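Residue strings, one per chain:
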Amino acid sequence: MFLRSHLRDGGRVPASVQPYFFLSYAHTPRFGPGGPDPDMWVERLYRDLCNHIMALTSLPAGAEVGFMDREIRSGEGWSERLGSALATCRVFVPLFSPRYFASEMCGKEWFAFAQRAIQLGAASNEKTEAIVPALWVPVPLSQLPVPAERLQFNHNTFGERYVTDGLYGLIKLRGYAEQYEHAVYELARRIVGVAETVRLKPVRPLDYRVVPSAFGPAGGRPGGGPTARTLHVTVAAASRHDLPEGRSPEYYGESALEWNPYHPASQRPVAYVAEELVKNLNYQTTMASFDDEAGHFDSKQPPTRPEILIVDRWAVEDEHRRQRLASFDQEHRPWINVVVPWNRYDHQSRAKEDELAHRLEETLPVKMSQGRAACRAAANGVASVETLGQILPQVVEAAAQQFLRHAQAYPPAGHTPTERRRLVGPMGMGDPPAAPFPPTAHRRPPDAGGPTDDSTDTDRGDTDDSQS
């Protein structure tokens with residue numbers, strides 16, 4: 001409770017209550033009643049890491065060296081203390097094993113921590129990585145989800161036997177005590193090195209109810225490994241060479257993919273921030289400019305992937321682009337959701353906010369009002385990188401569900417058609433509750449056309465993380 005209230009009040013969390021590292025692992029069930037606790041070996045590793053880190057650093061006595069959740073987690077058991085530790089720890093240490101990547105809770109922990117590194121990377125425009133993986137049980141590369149596969153990490157420096165048997169093998173098998181000590185010491189050194197190099201700022205704990213798993217749906221591959229999915233990101237924006245008259249070029253680059261609406265708070269174009277966020281949901285991504293793809297859409301063909309269209313409201317100032325967006329809106333493609341980044345600290349944009357928002361609503365009336373509350377909120381203005389990180393996962397999974405409903409099915413030969421099984425929630429998880437969005441600043445009047453009931457509310461309000 002202290003960490004949560006301290007962050008909420010805008011205070012600085014004392015270093016003495018920030019865990020140096022977070023040990024993330026999949027609980028192993030006991031075999032038979034009254035049997036030994038299999039997680040005691042993880043606890044031994046945790047204690048050994050804490051001792052090494054205390055020796056390698058100048059952490060004061062009583063400092064919270066690490067965090068390890070010793071309780072078996074369930075949907076309702078993702079405690080405030082767990083969330084606060086993920087929001088404040090300096091390094092995330094996942095213990096790789098087949099069971100780990102089949103765990104929804106472990107995927108949620110990974111996702112919550114990785115969001116912090118993505119935000120820091122956007123602010124600095126430098127690759128930021130504060131995840132130090134450890135092999136508890138070796139996992140084939142083919143079974144790694146996208147977020148784990150992307151980690152640039154050399155396990156060989158921890159020893160040959162560690163690579164073949166993992167820490168579990170070294171700790172359990174007789175004769176490997178020396179190899180175990182070497183691997184744990186090197187792991188502690190790596191944790192310290194990352195913690196001293198990458199300075200992640202504490203953030204407000206995420207709400208578990210809207211935290212997805214970074215590993216996607218379980219059981220998508222033979223053996224229970226996670227399935228990598230594909231998503232396409234399209235950006236409808238100008239380049240600095242074809243801006244509307246008087247528009248400042250400081251937010252634009254050589255192409256639409258270099259549009260950076262959150263400048264100067266963010267140094268990274270929004271397309272690449274979105275790409276990082278999407279990859280953190282176990283997706284492979286492709287990206288393109290809307291101008292390059294205009295005319296290539298065909299609603300009569302089944303979709304091949306879910307898609308996200310990122311739109312600059314200033315794009316409607318170009319009449320030719322506005323007409324192409326309007327034509328796109330008339331095609332029935334519910335597997336494509338719209339996201340509209342909007343920087344309220346951009347004085348030019350703020351001065352023309354009502355005019356540009358109204359023109360975009362007239363241009364994309366279907367897309368601006370379709371889907372869940374999160375989709376409509378994303379289409380009506382996302383005010384910061386932090387808010388984009390909160391809302392984009394819900395928009396992506398809504399697009400993915402629409403893709404599954406409309407994609408062409410290929411049943412095996414001799415298959416008797418049955419009612420299509422319905423996935424619940426984000427690609428197989430439970431349908432998430434609506435995100436706690438703040439009250440919207442503007443409301444479409446009832447006579448403005450389009451749905452006005454609660455289920456298809458078309459409010460236009462800049463969703464701001466400072467109020468959520």
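The model shown is predicted, which means the values in this text are computed figures rather than measured ones.

Trainee: Just to check I follow, could you spell out the overall build of the chain for this structure?
Mentor: Along the chain, the regular secondary structure elements total 16 helices and eight strands. Counted over contacts in the chain with a minimum sequence separation of 6, partners at least 24 positions apart contribute 76%. When the accessible surface of the chain is split by element, carbon and sulfur atoms take 51% of a total near 22100 Å².

Trainee: Would you explain the sheet that holds strand β1 (residues 21-24) in this entry?
Mentor: Across a sheet, paired strands are connected by hydrogen bonds in the backbone, their directions being either parallel or antiparallel. If you walk across this open sheet you meet the four strands as β2-β1-β3-β4, and the pairing is parallel. Taken across any chain shown, the strands that pair with only one partner, and hence form the sheet edges, are β2 (66-68) and β4 (134-135). Bridge count between strand β3 (residues 91-96) and β4: two bridges; the pairing is parallel. Within β4, the residue paired with L95 across the bridge is A134. Packing of helix α5 (residues 104-124) onto the sheet brings it into contact with β1 and β3, and relative to β3 it is tilted by some 155 degrees.

Trainee: Sorry, what's going on with unusual backbone geometry here?
Mentor: With the exception of glycine, most residues fall at negative phi, and the peptide bonds are largely trans. Following H263, the chain continues into P264 via a peptide bond in cis, with omega recorded as 5 degrees. Of note, P264 is situated in the loop between β5 (229-236) and α9 (270-279). In this structure, N125 takes a positive phi of about 55 degrees despite not being glycine. By secondary structure assignment, the location of N125 is in the loop between α5 and β4. Non-glycine residue N282 carries a positive phi angle of around 70 degrees. Tracing the backbone shows N282 in the loop between α9 and β6 (283-289). Of the residues examined, N282 reaches a relative accessible area of 0% and is grouped as buried.

Trainee: How should I be thinking about the packing of aromatic side chains in this particular structure?
Mentor: The geometry of an aromatic ring pair is captured by the separation of the ring centres together with the interplanar angle, meaning the angle of the planes. As enumerated under the stated definition, the model contains 15 aromatic pairs in all. Between the aromatic rings of W110 and F215, the centroid separation amounts to 5.7 Å while the plane-to-plane angle is 70 degrees, which identifies the pairing as edge-to-face. Highlighted residues: W110 in helix α5 and F215 in the loop between α8 (177-197) and β5, separated in sequence by 105 residues. F215 carries the same exposure label as W110, and that label is buried. Ring pairs connect the aromatic residues F22, F67, F92, F96, Y100, F101, W110, F113 and F215, which therefore count as one cluster. Looking at R313, its charged tip hangs above the ring of W342, at a distance of 4.3 Å from the centre.

Conventions used here
- Residues numbered from 1 in each chain as written.
- Predicted model: local features only at pLDDT ≥ 70, side-chain atom pairs only at ≥ 80, totals over all residues.
- Heavy atoms only, no water.
- Helix = DSSP H or I, 4+ residues; strand = E, 2+ residues; numbered from the N terminus.
- Contact = heavy atoms within 4.5 Å.
- Areas by Shrake-Rupley, 256 points an atom, 1.4 Å probe, with all protein chains shown as cover.
- Pairing = 2+ DSSP bridges.
- Axes fitted to C-alpha atoms, helices over the stretch in contact; angles between N-to-C directions.
- Buried < 20%, exposed > 50% of the residue type's maximum accessible area, 1.4 Å probe, protein only.
- Phe/Tyr/Trp six-rings, centres within 6.5 Å; stacked < 30°, edge-to-face > 60°.
- Lys NZ or Arg CZ within 6 Å of the ring centre and 35° of its normal.

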